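Architecture at a glance
Listed below are the residues making up each chain.
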Amino acid sequence: MTSATRRSGAAATAVPVLEISDLSVELSIGGRWIQALDRVGLTIQRGEVLGLVGESGSGKSLTALSIAGLLPGNARVAGGSIRLNGEEVLGKSEQALNRLRARSVALVFQNPTSYLNPVLTVGAQIAEIFELNPELLEAAGGRTRRREAWRQSIEALRLVRIPDPERVVERYPFELSGGMQQRVVIAMALVRQPDLVIADEITTALDVTVQAQILSLLAELRRTVRLTLLLITHDMGIVAQLADRVVVMYSGSVVESSDVRTLFKSPRHPYSKALLETVPTIDGGRTVFRPIRGAMPALTDPPAGCRFHPRCPDAFDQCSRRKPERLALDPGRVVACHLYEGGAVSE
Amino acid sequence: MGLLSYVARRLALLGLVLLGVSMVVFFVLRGMPGVDPLAAYIAPGLPMSADALASLRRQLHLDEPLPLQYVYYVANLLKGDWGYSRTAAQPVLDALLARLPATVELAVAAVLLSTALGIPAGIVAALRKDRAADVAVRVVSITGISFPVFWLGIILQLVFFYYMGQLGLPTLPSRGRIGDTIALIDPITPMTGLYLVDSLLTGKLAFFGSALRHLVLPSFALSLISLAAVVRIMRASMLEVLRQDYILLARSKGLPTRTIVMRHALRNAITPVLTTAGTTLGILLGGAVVVETVFSWPGMGNLAAQGILNNDSILVVGFTLFVATMMVVVNLVVDLLYAVVDPRVRY
Ligand SMILES: Nc1ncnc2c1ncn2[C@@H]1O[C@H](COP(=O)(O)OP(=O)(O)OP(=O)(O)O)[C@@H](O)[C@H]1O
Ligand code: SF4
Ligand SMILES: [Mg+2]
C-alpha cells in the first residue's frame, strides 16, 4: 500500500481495505458439518466505520475471526474470499497470517478482563507488539529498542486517554478497572497502526457510563488517527452514533446492507425493521423496548427458505420455500428478501 | 494482610495438623487389641522380672488411662523425646535426622527429574493433542505409573548395572550413596549432609562424581512415581490455558506459537503443577521406603522399612510424624511460591 492510496480515502474506485465476498464457514457440531456463515459479503473503505449488527448467534464474531484467520478449531472455510487491501487472506500460511495479524488487522474483543493475560504487565503486553514490528519504533536516539518500545507503549496509553500512563504501564491487568483494561486493549490495537481494527462488542461487558466513555474515545480516534473500523454490535444506538454504513446479519447471512442514515430512515428488510424497533425510543417520557418476538433458529436445525420466516410479520408462501437472493435496490443498498424481488416495492 | 501474619497463621495450622496426625498414630498404635505397648520398649529375648516390667510400665505411664497417656506422649514429642528405636539403636529423632539428608537428596533429585521431564512432555502432549506425540507421552506415563516401583527399580538395576556390565559397557551403581573406596580414601567433611552440596563446597570433584552416579538410578526410579502425575496435570492445565481468551488475543497479535506457549501460557499453566509438587513429595517420601530399600540407600525410608520388619513401632510412628511435618512445610513453601508465579496472589 503506497501512501498515495492511503490518502485517497473512501473514493469508490480505491481498493477497499476489506472485501469479503460469499464467505461460507462450516462448524463441526456433533460430528456433522453445519453451515454457520452463508455467503457473507461486506466491504470497508479506508477511513470508514462499518457497523455489523445482528442478534446474538447471527455469526458476527465468526465473520470477524475469519478475517484474521482465527476461526475456532472446529470451524472451516467452505468457500468465498476475504481480501485485505486487495490481497487474498484465505489459504495463507500460518506464518503469513501471523505477519498480517502483527501489522494489518487488529482485534479488540468483548471482555477485556478475560482477554488480557493476568500474569503479564500492561506494558509487557503492549511492548511485545514492537518485537514483531521493529519498524514501528521511532528513531531510538540512543535508547535501546526495549526502552523505546516501552516509551511508545506509554504513549499509546496516553493516546487512549489513560491517566498517569507511566504508572499504569507497570500495572497488572487485575489492578485496573474494566474500562481502563479495554483502553489498554485498544492501545494494543493502535500501536500497530493497522489498516483495519475489528471491534467485537467491545462495550458489552462494561458499565453504561464506561460504555459511553469508550464510545466517545472511538469517535475521537476516528478523527485523530483515522481509524478504519469494523464495529460489531447488537446495539443499533452504537451504530447510529459511530458507523458510516451498516451490515445486518441474521442466522449466518447478510440480510441488508446500507449506509446508516438510509437504513435508519427506511429499513427494507423486515428483520432490520424489527431490529430498529428494539432501539429504546422515548415515548411520552417513557423508554420503550420492542424486542423481536421468537428466537433465532438453531444452527443445527435451520428453517427452509428464508431463515427469518418463522418470525417475520410479512412472510408469505414463497418465504418458506426458497432462499431469497440478494438484491441491489438502490446504489449502495443490498437486501435479501422476497418482498423486493423484481425491485417493484417502494415505500 | 501481610506475608508474615500469613506465615504465622499457616504455622499455627501446621501445629493443628501435627496434633491431628499424632492423635491418629497414637490411638491406632495404643488402641490395637492384643498388643502390649510395653513390648516396644523391651529387647526381645532378654528376660525381665515381673517387678521390673511393672516398674517400667509405670515409668512409661503405660498404666494410666489412654487419654492421659496421649498427653504424656505429646509432651515428650515436644521435648524432642520421640522414643528409642531398637532398630537404629538410637533415639528415634536422632536416627531420623541423621538419615534425613540422604532422603532429601534423593527426593529433591526425583522431584527435579520428574518436573524436568514431565513439564516439557506435558506441554508437547498438549500442543499435539490426540496426535502421535500426545498418545506416546500418555502411553509411556501411564505405563510408568502402572508398574510397581520396586519392580521398576530392579529392572533399572538389571539393565544399567548387570546387563551393561556383562556387555562390558559403562555401568551405573545400583546400591548405596557413594563408592566405598572414595568414601575411604577421600572422605568429605559433612556440612549439610547432602553429598552433592558438601563435595562441591569442599571442592572434592571425584566424590561429587561418585555421589552423582549413585544418585541416577534411585532418583530416576523414584521420579517415575510422580512423573505420570506431572505429565498429566501439565497437559490438562496447558490445554485449559490454551482455551483462554487471552491466548486468542495473543494469537491475534501475530505472536509465534513458541512465544505464546512460553510467555503467555506457561506461567498460567504451571500453578497446578506446583500444587501437586507439594502432595507429590508426600507420595515420594512414601515411595522412598521402597526405593531406598531396593537401592540400599541409607535414608529415612530404608530405616523405616527395617523398623516395620522389626516391629519397631516407635520408629515407624516417628517416621510417619516426621513425613507429615515435612509435607505440611513443603505445602507452605509451595503456597508462598504462588505469589512469585502469579502477581494476583497476595497474602
Ligand atoms: N466453536 C464453535 N463451536 C460450535 N458452535 C459455534 C462455535 N463458534 C460459534 N458457534 C455458533 O455459531 C453461531 C454464530 O456464532 P458467533 O459467535 O459468530 O455469533 P455472534 O453473532 O458473534 O453472537 P454474539 O452476539 O453472541 O457474540 C452461534 O450459533 C454460535 O453458537
Ligand atoms: S423473505 Fe419473506 S420471511 Fe424472509 S424476510 Fe422477506 S418477507 Fe420475511
Ligand atoms: Mg460475538
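The structure presented is a predicted model; accordingly, all values stated were derived computationally and were not measured.

**Looking at the interface of chain B and chain A**
- Counting residues at the interface gives 19 residues for chain B and 26 residues for chain A.
- Three residues, Leu249, Ser252 and Lys253 of chain B, lead the burial of chain B against chain A; their summed loss comes to 28% of the area buried on that side.
- Seen at the junction of chain B and chain A, the total is 3 salt bridges.
- A salt bridge links Glu128 of chain A to Lys253 of chain B, with the nearest nitrogen and oxygen atoms 2.6 Å apart.
- Where chain B meets chain A, there are 10 residue pairs in polar contact (both at pLDDT 80 or more).
- Only helix H10 (245-252) and helix H11 (257-269) of chain B provide two or more residues apiece to the side of chain B that touches chain A.
- Residue contributions to the side of chain B that touches chain A peak at 6 residues, all from H10 of chain B.

**Observations concerning the site of ligand 1**
All names here are of chain A.
- The full set close to ligand 1 counts 14 residues, and Ser56, Gly57, Ser61, Leu62 and Glu201 are the nearest of them.
- At a separation of 3.2 Å, an oxygen atom of ligand 1 approaches a polar backbone atom of Ser58.
- Separating an oxygen atom of ligand 1 from a backbone N or O atom of Gly59 is a distance of 3.0 Å.
- Classifying every residue of the shell around ligand 1 by side-chain character gives 4 nonpolar, 7 polar and 3 charged.

**Thoughts on unusual backbone geometry**
Residues and elements named next belong to chain A.
- Phi is positive for Asp164, which is not a glycine, with a value near 55°.
- Within the secondary structure layout, Asp164 lies in the loop between helix H6 (145-159) and helix H7 (165-168).
- With a phi angle near 45°, Gln193 is a residue other than glycine that sits in the positive phi range.
- Within the element layout of this structure, Gln193 appears in the loop between helix H8 (178-191) and strand E7 (196-200).

**Here's the deal with the site of ligand 2**
- The full set of residues close to ligand 2 is His269, Pro270, Cys306, Phe308, His309, Cys312, Asp314, Ala315, Cys319, Cys337, His338 and Leu339 of chain A.
- When its residues are assigned to classes, the shell around ligand 2 shows 8 nonpolar, 3 polar and 1 charged.

**Re the domain arrangement of chain B**
Residue and element names in this part refer to chain B.
- Per the domain assignment, the segments making up chain B are domain 1 (2-92) and domain 2 (93-341).
- For domain 1 versus domain 2, the distance between C-alpha centres works out to 32 Å.
- Taken together, the 27 residues of domain 1 in the interface contact 27 residues of domain 2.
- Interface of domain 1 and domain 2: buried area, both sides summed, is about 2,300 Å²; carbon and sulfur atoms make up 71% of it.
- When residues of domain 1 are sorted by the area they lose upon contact with domain 2, Trp82, Thr87 and Val92 head the list and together hold 28% of the total.
- Close ionic contact of Arg10 with Asp335 constitutes a salt bridge, the shortest N to O distance being 2.3 Å.
- Put simply, the parts of the chain that give the side of domain 1 that touches domain 2 at least two residues each are helix H1 (3-31), helix H3 (66-79), strand E1 (84-85) and strand E2 (90-91).

**Re the packing of aromatic side chains**
- Taken as a whole and judged by the stated rule, the model has 14 aromatic pairs over all chains.
- Ring centres of Phe109 of chain A and Tyr115 of chain A lie 4.3 Å apart, and the angle between their planes is 5°; on these two criteria the pair is classed as stacked. Grouping residues by exposure puts Phe109 of chain A and Tyr115 of chain A together as buried.
- Here the aromatic rings of Tyr271 of chain A and Phe308 of chain A are separated by 5.1 Å at their centres, their planes lie at 75°, and the arrangement is edge-to-face. Here the residue Tyr271 of chain A occupies a position in helix H12 (residues 270-277), and Phe308 of chain A occupies one in the loop between strand E12 (286-288) and strand E13 (326-328), the gap between them amounting to 37 residues.
- Since its relative accessible area comes to 2%, Phe308 of chain A is described here as buried.
- Connected via pairs of aromatic rings, a cluster forms that spans Phe26, Phe27, Tyr70 and Tyr73 of chain B.
- The aromatic ring of Trp33 of chain A is capped on one face by Arg76 of chain A, whose charged end is 3.9 Å from the ring centroid.

Procedures and definitions
Residues numbered from 1 in each chain as written. Chains lettered and ligands numbered in written order. Predicted model: local features only at pLDDT ≥ 70, side-chain atom pairs only at ≥ 80, totals over all residues. Heavy atoms only, no water. Contact = heavy atoms within 4.5 Å. Buried area = accessible area lost by both parts, 1.4 Å probe. Salt bridge = Lys/Arg side-chain N within 4 Å of Asp/Glu carboxyl O. Polar contact = N/O pair within 3.5 Å; in protein donor to acceptor, adjacent residues only side chain to side chain. Helix = DSSP H or I, 4+ residues; strand = E, 2+ residues; numbered from the N terminus. Near = heavy atom within 4 Å. Nonpolar A, V, L, I, M, F, W, Y, C, P; charged D, E, K, R; others polar. Domains from an automatic or database assignment. Phe/Tyr/Trp six-rings, centres within 6.5 Å; stacked < 30°, edge-to-face > 60°. Buried < 20%, exposed > 50% of the residue type's maximum accessible area, 1.4 Å probe, protein only. Lys NZ or Arg CZ within 6 Å of the ring centre and 35° of its normal.

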